[in-house]
Every structure is written in C-alpha cells, then in structure tokens.
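# Summary of structural features
Read off the chains here:
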Amino acid sequence: MDTKIIFFGNYKGGVGKTTSVLNFAEYFSCHASKNHSGKNRVLVLDVDPQSSLSEILVTKGGYGELSELEACETLNYVFDLCILKIKKYNDIELKFDKDCLIKKYKNLYDFVPSSLFYRNNVGLDTIVIDMEDNIQYLCILKSWVDTIREGYDYIFIDCPPTNNLITRSAFLMSDYYIIPTILDGLSTNGVVHYINTIEETYKKYCEEDEDALIAKHFFGEKPQLLGVFYNLIRGQVNYDEEKEDFEAALDKYTSYGREVILDTLINNLIDIARETKDGNVSIKKKDFKWLTEEIIKKI
Ligand SMILES: Nc1ncnc2c1ncn2[C@@H]1O[C@H](COP(=O)(O)OP(=O)(O)O)[C@@H](O)[C@H]1O
Ligand SMILES: [Mg+2]
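Please read these numbers as outputs of a predicted model, since none were measured by experiment.

Criteria and cut-off values
- Residues numbered from 1 in each chain as written.
- Chains lettered and ligands numbered in written order.
- Predicted model: local features only at pLDDT ≥ 70, side-chain atom pairs only at ≥ 80, totals over all residues.
- Heavy atoms only, no water.
- Buried < 20%, exposed > 50% of the residue type's maximum accessible area, 1.4 Å probe, protein only.
- Helix = DSSP H or I, 4+ residues; strand = E, 2+ residues; numbered from the N terminus.
- Pairing = 2+ DSSP bridges.
- Core = buried A, V, L, I, M, F, W, Y, C linked by side-chain atoms within 4.5 Å.
- Contact = heavy atoms within 4.5 Å.
- Axes fitted to C-alpha atoms, helices over the stretch in contact; angles between N-to-C directions.
- Polar contact = N/O pair within 3.5 Å; in protein donor to acceptor, adjacent residues only side chain to side chain.
- Phe/Tyr/Trp six-rings, centres within 6.5 Å; stacked < 30°, edge-to-face > 60°.
- Lys NZ or Arg CZ within 6 Å of the ring centre and 35° of its normal.
- Parallel < 35°, antiparallel > 145°, perpendicular 65-115°, else oblique.
- Nonpolar A, V, L, I, M, F, W, Y, C, P; charged D, E, K, R; others polar.
- Near = heavy atom within 4 Å.
- Areas by Shrake-Rupley, 256 points an atom, 1.4 Å probe, with all protein chains shown as cover.
- Lys, Arg positive; Asp, Glu negative; His and termini not counted.
- Salt bridge = Lys/Arg side-chain N within 4 Å of Asp/Glu carboxyl O.

Below, the discussion takes up the pairing of strand 7 (residues 224-231). With seven of eight residues buried, strand 7 lies mostly within the body of the structure. One ladder, built from seven bridges, connects strand 6 (residues 176-182) with strand 7; its direction is parallel. In the sheet register, tyrosine 177 faces strand 7, and the bridge partner there is leucine 225.

Listed below in structure tokens is the structure:
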C-alpha cells in the first residue's frame, strides 16, 4: 500500500492551513484512488495544540465535545506515553488501541484528534516541552503512524504556525508538503523563509547530524514541496505586483522556483468560511475541488 503523507505548513497563522486540510480531506476522500478500485482512504492528524480542526471534527462528527474525550482517544496520549517510555520505561511495549484513537468523520474519512483538555489541559504545546531534540523523540509520531498507515491512501497533517519538535517530526515523516499563503508582501516573504527553514530541518537531522544515517534510514527521502497556493483572494484586487515580487523571490532564494505555485486560486468566500466551521465543504463554491484535481495530478 502506497500511503502518501502530506504536511500543511506555514509559520504564519490565518492563511488557511486548517481550512485546507478539512476541504482536501473531503475532496480527496470522494476521489477515485490510484491504488485500488475504490475511493481514496484518507486519515487526518491534528498536531496543532490549538486543536481547532479536532474541535470541528469531534463536534460535527457526533462525538460530543472535545473536552469530553477520554485521554486515550487523543494524539496527546500517544505522545505522552511514548515520552514516558523513552524517559523511564524503555522495556514496556506500548500498543495503542486503534478503535479508540481513530474516529470516522461522516463516513468520508478518518481522523485522530488532539486536545487542549487532555489530563487537565495538557495540550500538545505542554507535551512538547518534555521532548528532547534527538531522534528517539522525533521518531514517536512516525513509529505510531507506521502501525496504522496501511489502508490509507493519504494522511494529511494540520500544523500550528510554529517550529517545535512535534511539527518537525511530522515534517520529517511526510512525503510531500503544501503551503497555503495570502498574497501580501509580508506573508509571501514568510513563505520563502518557511521553505528554507523547513528544508533545513531535513538537512540537519537526515544529512548532518551525528545520527543522520539512522534518521535518513527511518524517515526516507526529503519531503517534496507539492505546491504553494494563494488563498483568500479577493476578486476586486489586482495582485500583479505582489505576485511578481513573490515569484521572483521564489526563483532567487529557493531551490524550487516559481513553478511550485499552483494554478488554482482559492477565493475569499464567506461560504467556505461558514461551511468549514460546520465541518463541510461548500456546495456552491468549488475552489478547493479544482485545487484537489490539480494536486492529485501532481502526485
Ligand atoms: N478561502 C477562504 N475564504 C474565506 N475564509 C477563509 C478562507 N480560508 C480561510 N478562511 C478563514 O480564515 C481564517 C483562518 O483560516 P485557518 O484555516 O484557520 O488558518 P490557519 O490554520 O492557517 O491558521 C478562518 O476564520 C477561516 O474560516
Ligand atoms: Mg490552523
């Protein structure tokens, strides 16, 4: 089974990472699979400590409130126990109950929530403090994902706008990454910086670190940038100048160049915002559907 893991990132908040993951998860899951005769089987992981995607999927998926989940139903639990194992109990074998962790979203796709409310408000931002900057900790997420990845065509990861050990570990295990951005000078400069920083992550752990040999063996090849796309485009605005500046910067300062920009634009549409909050894709506006088609062709 050829599972593709796709990481959605940008150090800027509010550019549409969470919105994209929710929309792509549904559109990909309605699309014919390249691996088998059925539709794509999609799994969504939320590693953002704000857990906003989890909140939508848990409540709209009919699982009650995020605060009502049992500890063992969250990604926090996997990290928490694996960290304890590394620190204190290396001989104990951990087996996580799939049925408890993995939830179905409306018969469309699966997800594993993270929670702000885990064990009296121990979010992933608190858990990450106990992680150390070495391969053992960076392997936690992938080691667990490897036990459940079979059976999925795609795994999407929603990330926070920060560079912590959890996001780094999510990046390292990915096959591809996608960057949503807004078209203004500050945000697009941020994208160039983001690409270079995130690519450095792979270089640091899988090429330069003293344990690089094992890291590369474990994580595989460097994640490929599948594309950058423009989100929150307003119809009446002329973006020519911002576009040219950004594209020139991509050519000059990144190894990918302007070809990495996806053709499909996502407009700023109130219907997308409203439907995303309710856990749905927009029936009226198909921007994310067209973008899904474009991305699937590139994989
Ligand atoms: N294409 C869009 N049209 C309208 N609103 C959008 C669109 N994309 C994102 N938004 C809104 O922008 C805000 C930030 O989006 P979000 O996906 O949470 O960004 P991020 O995850 O990068 O922080 C949310 O309120 C969301 O509803
Ligand atoms: Mg988000």
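Okay, the nonpolar core next. Formed by 64 residues in total, the largest nonpolar core has its most connected members in Leu45, Phe79, Leu141, Trp144 and Tyr177. In terms of residues, this core owes the most to one element, helix 10 (residues 185-208), which gives eight residues. Filtering out sequence-adjacent residues up to four positions away, leucine 141 remains in contact with Val47, Leu75, Phe79, Ser169, Ala170 and Met173.

Taken in spatial order, the seven strands make up an open sheet running 3-4-2-5-1-6-7, and their pairing is mixed. In this open sheet, the two strands that pair with only one neighbour each are strand 3 (103-105) and strand 7. Strand after strand, the sheet turns through a mean of 25° between neighbouring axes, direction not considered.

Sheet faces and side chains relate simply in a regular strand, where the side chains alternate between the two faces. With five of five residues buried, strand 1 (residues 4-8) lies mostly within the body of the structure. Because side chains alternate across strand 1, one face comprises the buried residues Lys4, Ile6 and Phe8, and the other comprises Ile5 and Phe7, equally buried. Sheet analysis places strand 1 next to strand 5 (residues 154-158), joined by five bridges and oriented parallel. Residue pairing in the sheet places lysine 4 in a bridge with tyrosine 154 of strand 5.

Here we take up the environment of aspartate 271. Relative to the helices and strands, aspartate 271 is located in helix 13 (residues 270-277). Exposure remark for aspartate 271: the relative accessible area of 13% places this residue in the buried category. Among residues more than four places away in sequence, those in contact with aspartate 271 are Ser282, Ile283, Lys284 and Lys285. At a separation of 2.5 Å, a polar atom in the side chain of aspartate 271 contacts the side chain of serine 282.

The subject of this paragraph is the packing of aromatic side chains. On inspection of all chains with the given rule, the structure shows 18 aromatic pairs. Consider the rings of phenylalanine 28 and tyrosine 154, whose centres lie 4.8 Å apart with planes at 80°: the pair is edge-to-face. Remark: tyrosine 154 occurs in strand 5 and phenylalanine 28 occurs in helix 1 (residues 17-29); sequence separation between them is 126 residues. Each member of the pair phenylalanine 28 and tyrosine 154 is classed as buried. Sitting over the face of the ring of tyrosine 63, lysine 103 holds its NZ or CZ atom 5.2 Å from the ring centroid. Sitting over the face of the ring of phenylalanine 218, lysine 142 holds its NZ or CZ atom 5.2 Å from the ring centroid.

One way to put it is that helix 10 packs onto helix 11 (residues 212-219) with a least axis distance of 6 Å and a crossing angle of 115°. Judged on the interaxial angle alone, helix 11 and helix 10 are roughly perpendicular. Here helix 10 contributes Tyr202, Tyr205, Cys206, Glu207 and Glu208 to the contact with helix 11, which in turn contributes Ala212, Ala215, Lys216 and Phe219. Partitioning the contact of helix 10 with helix 11 into residue classes produces six nonpolar, no polar and three charged.

A separate point is the site of ligand 1. Not every one of the 15 residues close to ligand 1 is listed here, only the nearest: Gly14, Lys17, Thr19, Asn231 and Asn267. Within the contact set of ligand 1, an oxygen atom lies 3.0 Å away from a backbone nitrogen or oxygen of glycine 16. Within the side chain of lysine 17, a nitrogen or oxygen atom sits 2.9 Å from an oxygen atom of ligand 1. When the free accessible area of ligand 1 is taken as 560 Å², the share hidden by the protein chains comes to 75%. Considering every element that reaches the shell around ligand 1, the biggest residue donor is helix 1, with three residues. For the shell around ligand 1, the per-class residue count stands at six nonpolar, eight polar and one charged.

Along the chain, aspartate 287 falls in helix 14 (residues 287-298). Buried within the structure, aspartate 287 lacks any salt-bridge partner; lysine 285 is the closest side chain of opposite charge, at an N-O distance of 7.0 Å.

Another aspect to go through is the pattern of salt bridges. If you walk through the whole model with that rule in mind, you get 19 salt bridges. In this structure, glutamate 244 and arginine 258 form a salt bridge, with 3.5 Å as the shortest nitrogen-oxygen distance. With glutamate 244 in helix 12 (residues 240-253) and arginine 258 in the loop between helix 12 and helix 13, this pair connects stretches of sequence that are 14 residues apart. Its relative accessible area of 28% is what places arginine 258 among the partly exposed residues. A single salt-bridge network, built from bridges that share partners, covers Glu244, Glu247, Asp251 and Arg258.

Function cannot be read off these values alone, since they describe shape.
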